[in-house]
Amino acid sequence: NAGVTQTPKFQVLKTGQSMTLQCAQDMNHNSMYWYRQDPGMGLRLIYYSASEGTTDKGEVPNGYNVSRLNKREFSLRLESAAPSQTSVYFCASSPGILLGGGYTFGSGTRLTVV
Amino acid sequence: GQQLNQSPQSMFIQEGEDVSMNCTSSSIFNTWLWYKQDPGEGPVLLIALYKAGELTSNGRLTAQFGITRKDSFLNISASIPSDVGIYFCAGLGSRLTFGEGTQLTVNP
């Protein structure tokens, strides 16, 4: 099983460009999440989807949008990239929103905005 | 919002030594989790704690859920080089909140 698959693994954008980060899980999980990781700040929640058809803001949602395309896929879009969005982005999934022990993470997308 | 304070930020130890790290919070959590992140990878769950006072082991790793539900610690005994990585605590309240991480370096 692949678990959680993120694409692309690396991306360089110019300020103002847009892009979509893709995430897919094959574990039949209900809930999916997008985090960003910056040095010394742990992982901060951007958006999450408790179940198919729902999305909610996390701790740092500004500058991002998400789409829960179906149960398997949850994408993160940057409409107009800014240097402050340079980070490592992780997608995760879990069986349910309150099942913390069941989180599975992808291997990350390293994004640089110049 | 909920915040977790994880310490120490980094540790440099010799192979064979024991390691201890901890997390404290101003908020109560229902679940405490410990993750390890290898370079270039996402975090992987090490131990999950679901009950205040719970002490759980996973091989050389031992973690405890504090009685107040506001803290947790992780111990690694007899460290080996492959223990190198970033260790994160996480608390589950209304959502999963991560600590800042402890960077562990093990010298052979």
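Residues numbered from 1 in each chain as written. Chains lettered and ligands numbered in written order. Predicted model: local features only at pLDDT ≥ 70, side-chain atom pairs only at ≥ 80, totals over all residues. Heavy atoms only, no water.

Digging into the overall build of chain A
Line of reasoning, step 1. On a plain count of helices and strands, chain A comes out with zero helices and eleven strands.
Line of reasoning, step 2. When the helices and strands of chain A are listed from N to C terminus, the series reads β-β-β-β-β-β-β-β-β-β-β.
Line of reasoning, step 3. For 114 residues, the compact-globule formula gives about 13 Å, and the C-alpha radius of gyration of chain A, at 13 Å, lands near that figure.
Line of reasoning, step 4. Dimensions of chain A along its principal axes, counting C-alpha atoms only, are 35 × 30 × 25 Å. (Helix = DSSP H or I, 4+ residues; strand = E, 2+ residues; numbered from the N terminus. Rg over C-alpha atoms; globule rule 2.2 N^0.38 Å.)

Details of the sheet that holds strand β8 (residues 74-78) of chain A
Backbone hydrogen bonds are what pair the strands of a sheet, in a parallel or an antiparallel way.
Residues and elements named next belong to chain A.
Line of reasoning, step 1. Taken together, the four strands give an open sheet; going across it, the order is β1-β3-β8-β7, and neighbouring strands pair in antiparallel fashion. At either end of the open sheet lies a strand with only one pairing partner, and these are β1 (4-7) and β7 (64-68). This sheet shows a mean twist of 15° between the axes of neighbouring strands, independent of strand direction.
Line of reasoning, step 2. Note that strand β3 (residues 19-25) and β8 share three bridges and pair antiparallel. (Pairing = 2+ DSSP bridges. Axes fitted to C-alpha atoms, helices over the stretch in contact; angles between N-to-C directions.)

A short note on the sheet that holds strand β1 (residues 4-7) of chain B
All names here are of chain B.
Line of reasoning, step 1. With antiparallel pairing, five strands are arranged side by side in an open sheet as β1-β3-β8-β7-β6. Of all strands in the sheet, those bounded by a partner on one side alone are β1 and β6 (55-58). Each neighbouring strand pair of the sheet contributes to a mean axis angle of 15°, computed without reference to strand direction.

Regarding the state of the cysteines
All names here are of chain A.
Line of reasoning, step 1. In the structure shown here, the tally under the stated rule is two disulfides over all chains.
Line of reasoning, step 2. Covalent S-S linkage joins C23 and C91, the inter-sulfur distance amounting to 1.9 Å. Linking C23 and C91, the disulfide has an S-S dihedral of approximately -75° and is accordingly described as left-handed. Linking C23 in strand β3 with C91 in strand β9 (residues 87-94), this pair joins segments that are 68 residues apart in sequence. (Disulfide = S-S within 2.5 Å.)

Structural notes on the confidence of the model for chain A
In regions of low pLDDT, the predicted coordinates are not meant to be interpreted in detail.
Line of reasoning, step 1. Averaged over chain A, the pLDDT score is 93; the fraction of residues at 70 or greater is 96%.
Line of reasoning, step 2. When pLDDT is averaged over each element of chain A, β8 of chain A comes out on top at 98 and strand β10 (residues 104-105) of chain A at the bottom at 92. (pLDDT = per-residue confidence, 0-100.)

Focus: empty space enclosed by the protein
Empty space among the atoms becomes visible once a probe the size of a water molecule is rolled across them.
Line of reasoning, step 1. Applying the stated rule across the entire model yields one cavity of 30 Å³ or more.
Line of reasoning, step 2. Approximately 30 Å³ is the volume found for the largest cavity.
Line of reasoning, step 3. In terms of residue class, the lining of the largest cavity is made up of six nonpolar, one polar and one charged. (1 Å grid on protein atoms, 1.4 Å probe; cavity = no way out; pocket = protein on both sides within 12 Å on 5 of 7 lines; lining within 4 Å. Points joined across faces, edges and corners; volume = space filled by probe spheres on them. Nonpolar A, V, L, I, M, F, W, Y, C, P; charged D, E, K, R; others polar.)

With respect to the layout of surface pockets
Line of reasoning, step 1. Its volume calculated, the second largest pocket comes out at about 220 Å³.
Line of reasoning, step 2. Residue composition of the lining of the second largest pocket, grouped by class: five nonpolar, seven polar and three charged.

Points about the nonpolar core
Line of reasoning, step 1. Counting 21 residues, the largest nonpolar core has W32, W34, L74 and L104 of chain B as the members making the most contacts within it.
Line of reasoning, step 2. Elements supplying a minimum of two residues to this core: β2 (10-14), β3 (19-25), β4 (31-37), β5 (44-49), β7 (61-65), β8 (71-76), β9 (85-92) and β11 (102-107) of chain B.
Line of reasoning, step 3. Ranked by size, the runner-up nonpolar core spans 20 residues in total, among them V4, M19, M32 and I46 of chain A. (Core = buried A, V, L, I, M, F, W, Y, C linked by side-chain atoms within 4.5 Å. Buried < 20%, exposed > 50% of the residue type's maximum accessible area, 1.4 Å probe, protein only.)

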